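Listed below, chain by chain, are the residues.
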Amino acid sequence: MRYSAPFLIATLTSPATAQVIPTGTPAADILLSQAVAEHRVFLTCSALDPLTHQQILTNWQKDIAAATAILTAHTVPQDAITAFTRAADPAALMPAEDTPWAEVKGLCDTHPDWQKTYYEFNLTILELKLPGAFQ
C-alpha cells in the first residue's frame, strides 16, 4: 500500500515536529515531505526489532545524505536544506520516550503493512526520485 503524503503529514506530525520548507520546486517539496512521513512510520514501527530498525535507520541516513547533495547541486536555498535535514533527523521522527504505548501502537496499527511496503521498496527513495523533480 502506498501512503499518500497529505494523509501521512496530517496524521504523523505535531506542532513541535520540524517541517520541510519550500525548496522552490514543488515536486521536490512533495517528495521530501512524503519520504519524511514514510520514515516516521518505518522507524517508529521497527523500533522493537533492532536488526530491522538498524537497517532502516542506516538506509535512511544514506538517503538523507544523498538528498542533501542533490538539493545542494540544484542550488536549493540553504535554509530549505537545513529544514529538510532537521525534519528528516531520525530522532525527530521517533516518538518521544514518554509517548504512551497506545499512541505508538495506534500509528503502527494504521499501517499494518509497513514492513511489506518497506521491503518491496514501495517507498520514496530520494536518491532515485529527487533528481527527476528538478527536470
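All values derive from a computational prediction rather than experimental measurement. (Residues numbered from 1 in each chain as written. Predicted model: local features only at pLDDT ≥ 70, side-chain atom pairs only at ≥ 80, totals over all residues. Heavy atoms only, no water.)

### Some details on the overall build of the protein
Applied cut-off: Helix and strand definitions follow DSSP, with helices as H or I runs of at least four residues and strands as E runs of at least two, each counted in order from the N terminus. Note on classification: 1.4 Å probe, protein chains only; a residue is buried when its accessible area is under 20% of the maximum for its type, exposed when over 50%, partly exposed between these limits. Throughout, a residue-residue contact means that at least one pair of heavy atoms, one from each residue, lies within 4.5 Å. Only the protein chains shown count as cover for residues, with accessible areas throughout obtained via the Shrake-Rupley method and a probe of 1.4 Å.
Scanning the protein from N- to C-terminus turns up 8 helices and 0 strands. Moving toward the C terminus, one meets the helices and strands of the protein in the order α-α-α-α-α-α-α-α. Evaluated residue by residue, the protein yields a buried proportion of 44% over its 135 residues. Partitioning the contacts of the protein with sequence separation of at least 6, the portion at a separation of at least 24 is 79%. Counting every atom, the protein has about 7,200 Å² of accessible surface; 61% of that belongs to carbon and sulfur.

### Quick notes on the nonpolar core
The following threshold applies: In this text, buried Ala, Val, Leu, Ile, Met, Phe, Trp, Tyr and Cys residues form a nonpolar core when linked through side-chain atoms within 4.5 Å.
Counting residues in hydrophobic clusters, the biggest one holds 32 residues, and the most contacted among them are Val36, Trp60, Leu71, Phe84, Leu126, Leu130 and Phe134. Only α2 (26-45), α3 (50-73), α4 (78-88), α6 (101-109) and α7 (114-119) provide two or more residues apiece to this core. For this core, the element with the highest residue contribution is α2, accounting for 9 residues. Ignoring sequence-local partners within four residues, the contact set of Leu130 consists of Ala28, Leu31, Leu32, Ala67, Ile70 and Leu71.

### Quick word on the state of the cysteines
Put simply, the rule is: Throughout, a disulfide means two cysteine sulfur atoms within 2.5 Å of one another.
Within the structure shown, the criterion is met by 1 disulfide. What pairs with Cys45 in a disulfide is Cys108, and their sulfur atoms sit 2.1 Å apart. Taking the sign of the torsion about the S-S bond as the criterion, the disulfide between Cys45 and Cys108, at about -110°, is left-handed. Here the residue Cys45 occupies a position in helix α2, and Cys108 occupies one in helix α6, the gap between them amounting to 63 residues. The class for Cys45 is buried, based on a relative accessible area of 14%. Looking at Cys108, the relative accessible area reads 15%, which means it is buried.

### Structural notes on the packing of α2 against α6
Formally: Axis angles are defined between N-to-C directions and span 0 to 180 degrees, where every axis is a line fitted to C-alpha atoms and, for a helix, only to the segment in contact. Note on angle classes: values under 35 degrees are labelled roughly parallel, values over 145 roughly antiparallel, values of 65 to 115 roughly perpendicular, and the remainder oblique. Note on convention: the crossing is left-handed when the near helix lies turned anticlockwise from the far helix by less than a right angle, right-handed when the turn is clockwise. The residue classification treats Ala, Val, Leu, Ile, Met, Phe, Trp, Tyr, Cys and Pro as nonpolar and Asp, Glu, Lys and Arg as charged. All others, Gly included, are polar.
The interhelical angle for the contact between α2 and α6, taken along N-to-C directions, is 120°, at an axis separation of 10 Å. The orientation of α2 relative to α6 falls into the category oblique. Seen along the crossing, α2 lies across α6 with a hand that is left-handed. Residue-level contacts link Val41, Thr44 and Cys45 of α2 to Val104, Leu107 and Cys108 of α6. Partitioned by chemical class, the residues of the contact of α2 with α6 number 5 nonpolar, 1 polar and no charged.

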